[in-house]
Amino acid sequence: MPSFLASSLHMGERERAASQGFLSAMGSSGRWTLWTLCVCFSALGSAALRVTMRESSLEVVRGDSVVLPCSFFTSSPLSRLNVIWTLAPFSSPETPIQVIVYDHGQVIEDPSLIGRVGFTGIPWSADIVLNDTHVSDAGVYRCMVNNPPETADPGIGELALSVLAPPSLPVCQWDGDIDMGGSVTLSCMVAEGVPTPEIHWDKLNPEEISLPINMEGDLSGSVQIANVSSQTSGLYRCSATNLLGTENCYVNLSVYSAPNSSSGILQGMLLTLSMSLLLLALLVLILWLHRTGQDGWLREGKEEECYNEIPYTPSLMKRSFV
């Protein structure tokens, strides 16, 4: 056997013996650690882009700020990173809108959200912050990350955002017949509130009484009052309440009471008697005037007769010519 071949065989045996001695020295725990590292490095070389949402749902009070978290892992450089956030509003989930985009180092915001939305750690993180939140900001947010040349589909994560708001000022009104025995409907409507406000009706005086309510949808409630009476009159309050507060509106109800029949008859009799006395006095006055006028005419007629009746004496006439 040539000498160089024999030496190489001896070196190979020594290396195998050394490796076997190293593995035996590591023990079972060492061999497990080495295997884990090999698997991790092999997975790192073939891993696809992954997106992780650290929260599945968030709540924020209207007007406050909130961070929407979105983490991603990629094995490729970030020079061609693309991140897109979209929103499917709870009010119209079928028409999602684009919130903000990061594409090749450029940030593009939705015109309606300029100044209210922004990335917090791009390109290392896809988290965004939403400032001065509105009720219309509530919905399902989706974070989509793509980083060429990775050929896998873009990683997508989503979370639901709820924007809490206190009840708006409710509007109270009444409708119906407020005469005795009539029926009245008290209605109350509130425009917004998250969570949905609970609506209550109460009569405040002479003592506070809770009234049964008929809900007409989520934001409207009414009370039916039949056969109203004087006891129905008073101040009524509608309250709209959720965990952020309470708003009230009021209705002051006055039931009209018609006069009773006995008092009406008495008033009618007095009115008839008064009219009768007035007519009688007028008749007496007319008769008196008529009688006074007749007496005056008779006296004037007698005076004229006395003036015209001068006695004719012929002897006097004769004496005047002698």
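Quantities reported herein were computed from a predicted structural model and do not represent experimental measurements.

Rules used in this analysis
Residues numbered from 1 in each chain as written. Predicted model: local features only at pLDDT ≥ 70, side-chain atom pairs only at ≥ 80, totals over all residues. Heavy atoms only, no water. Helix = DSSP H or I, 4+ residues; strand = E, 2+ residues; numbered from the N terminus. Buried < 20%, exposed > 50% of the residue type's maximum accessible area, 1.4 Å probe, protein only. Contact = heavy atoms within 4.5 Å. Salt bridge = Lys/Arg side-chain N within 4 Å of Asp/Glu carboxyl O. Disulfide = S-S within 2.5 Å. Phe/Tyr/Trp six-rings, centres within 6.5 Å; stacked < 30°, edge-to-face > 60°.

Caption draft 1: Seen up close, unusual backbone geometry. With an omega of 5°, the peptide bond running from Ile 122 to Pro 123 counts as cis. The topology assignment puts Pro 123 in the loop between strand S8 (117-119) and strand S9 (128-130). Notably, His 104 is not glycine yet its phi reads approximately 50°, a positive angle. Overall, the relative accessible area of 51% leaves His 104 in the exposed class.

Caption draft 2: Expanded view of the environment of Gly 221. In this structure, Gly 221 sits in strand S17 (residues 220-225). With 17 residues separating them in the primary sequence, Gly 221 and Cys 238 have C-alpha atoms 9.0 Å apart. Not counting the four nearest positions on each side in its chain, Gly 221 is found in contact with Leu 186, Ser 187, Cys 188, Ile 199, Trp 201, Ile 213, Asn 214, Met 215 and Glu 216.

Caption draft 3: A look at the pattern of salt bridges. Under the criterion given, the structure shown has six salt bridges. Here Arg 62 and Glu 192 are joined by a salt bridge, their closest N and O atoms 2.6 Å apart. Of this pair, Arg 62 sits in the loop between strand S2 (57-61) and strand S3 (66-68) while Glu 192 sits in the loop between strand S13 (184-189) and strand S14 (198-203), placing them 130 residues apart in sequence. Glu 208 is paired through a salt bridge with Arg 237; the nearest N and O atoms lie 3.1 Å apart. Placement of the pair is Glu 208 in the loop between S14 and strand S15 (209-211) and Arg 237 in strand S18 (residues 234-242), with a sequence separation of 29 residues. Judged by relative accessible area, which is 18%, Arg 237 ranks as buried. The network of salt bridges with common partners includes Asp 202, Glu 208 and Arg 237.

Caption draft 4: Here's a closer look at the state of the cysteines. Across all of its chains, the model carries three disulfides by this definition. Residue pairing for Cys 70: its cysteine sulfur links by disulfide to Cys 143, the two sulfurs lying 2.0 Å apart. Given an S-S torsion of about -80°, the disulfide between Cys 70 and Cys 143 has left-handed geometry. Of the two residues, Cys 70 is situated in the loop between S3 and strand S4 (71-73) and Cys 143 in strand S10 (residues 139-146); the sequence distance between them amounts to 73 residues. Assessed through its relative accessible area of 0%, Cys 70 is described here as buried. Here Cys 143 falls in the buried class, since its relative accessible area comes to 0%.

Caption draft 5: Inspection of the packing of aromatic side chains at higher detail. If you walk through the whole model with that rule in mind, you get one aromatic pair. Centre to centre, the rings of Tyr 102 and Phe 119 are 6.2 Å apart; their planes meet at 75°, and the pair counts as edge-to-face. In this pair, Tyr 102 is assigned in strand S6 (residues 97-103) and Phe 119 in strand S8, connecting sequence segments 17 residues apart. Taking the relative accessible area as the measure of exposure, Tyr 102 reaches 9% and is therefore buried. Here Phe 119 falls in the buried class, since its relative accessible area comes to 16%.

By themselves these figures say nothing about function.
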